[in-house]
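Residue strings, one per chain:
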Amino acid sequence: NLSLPPVGNYLLRVSAIGYQDGFVNEVVVLARKERYDLERIELANGAVELVTLEVKARKLQLEQLPEGTIVNVQSSILTKGSSALQVLERSPGVFIDRRNNNISLNGRDGVTVLLNGKTLRLPLDALLGTLGGMSADNIEKIELLTSPGAKYDADGTAGVINIVLKRNEEAGTRGSISLNAGYGYRPKAGGSLQLSGGGAASRWYANYAYTHDHSTDGDLGAGSETVPARGGGIGFDFRNNVVHRNNNHQLGLGFERQVGEETLLGFGVQANQSEDQFSTLNQATYLLPQDSAFQARINVIGRNRWRNVTPNLFLEPKVFGGGQLQLDANYLYFT
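Worth saying up front: this structure is predicted, and the values here are computed from it rather than measured. (Residues numbered from 1 in each chain as written. Predicted model: local features only at pLDDT ≥ 70, side-chain atom pairs only at ≥ 80, totals over all residues. Heavy atoms only, no water.)

## Looking at the pattern of salt bridges
Item 1. Counted according to the given criterion, the structure contains five salt bridges.
Item 2. Where aspartate 213 meets lysine 188, a salt bridge forms, and the shortest distance between an N and an O atom there is 2.9 Å. Placement of the pair is aspartate 213 in strand E13 (residues 202-227) and lysine 188 in strand E12 (residues 186-198), with a sequence separation of 25 residues.
Item 3. Classification of aspartate 213 by relative accessible area gives partly exposed; the value is 23%.
Item 4. You can call lysine 188 partly exposed: its relative accessible area is 25%. (Salt bridge = Lys/Arg side-chain N within 4 Å of Asp/Glu carboxyl O. Helix = DSSP H or I, 4+ residues; strand = E, 2+ residues; numbered from the N terminus. Buried < 20%, exposed > 50% of the residue type's maximum accessible area, 1.4 Å probe, protein only.)

## Comments concerning the pairing of strand E7 (residues 112-115)
Item 1. Here E7 shows two buried faces, one formed by Thr112 and Leu114 and the other by Val113 and Leu115.
Item 2. Relative to strand E10 (residues 160-165), E7 runs parallel, the two sharing four bridges. Each bridged residue has a counterpart across the sheet, and for leucine 114 the counterpart in E10 is asparagine 162.
Item 3. Count of turn residues in the E7/strand E8 (residues 118-119) antiparallel hairpin: two residues, of which asparagine 116 carries a positive phi of about 55°. (Pairing = 2+ DSSP bridges.)

## A few points about the sheet that holds strand E4 (residues 68-72)
The pairing of strands in a sheet comes from backbone hydrogen bonds and takes either a parallel or an antiparallel form.
Item 1. Strand order in the open sheet formed by six strands is E3-E4-E9-E10-E7-E8, with mixed pairing between adjacent strands. Across the chains shown, the open sheet's two edge strands, defined by having one partner strand only, are strand E3 (62-65) and E8.

This is the structure in structure tokens:
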């Protein structure tokens, strides 16, 4: 039984989960006390068969863990076309001092930088050049670990920065290519190529990245100095302008194979060439007493070129109790 609405003409709709809606047209209510017997209403089956269900998950750009912060590089569009060094500069707690070639984490120097868990044992200026030439398109995540676990080397007094490259373990052969270009004071460009393949027993990968960054920076200073012995004050104006042309090449190759059911054997190599051509123009004007002045103009032109190759051979057998033993051999060639 339904309570009658006020007098008038109505459209009656009947609905139920799993069925199509049914309608009764022109239901006329003449008086409140009347009884209405409606016709039989049959609802058609409205069930929809689900063919497929696709669930997509997207990682947060930043994840907080007890050990530190994880930066999921591929979760932000701002990383496209960037280098590993530029991504680090945007990461929380990381400060890059390019002038003094230093990396600090949460205000502390002495950070250990790793690539896929392997320490990059390079001078800091060469390390910055390597990171500047490493395309962010090849990076899966960056671990900023202020309290690293026991599996990491303990030679870093300020923490660990671990750069983890992409790794696809699906069967088959696949590849991707990316290109980027832009302009910010000077032109920028880059590109990367990634290939990987294999099956259940073996996997391989190859990647190459190139970045070009033409940029400028500089500083301006002005001041005065009082020198009584020279008869008064000295004023000076100093300008410094630096033009950089950075070209970086990065190549990575790797292969691993399952030996039996308990052992993984693999080989990898990372190679990098970074070249920085720069021109520094220093201009200074000194205002001396008696309205005299002299100027200095110094132009410094230079080129820094870094090359390094790091092959890695590893063996990971399972040991008693289901644990994994990791044996590594690394060699660094650096100029």
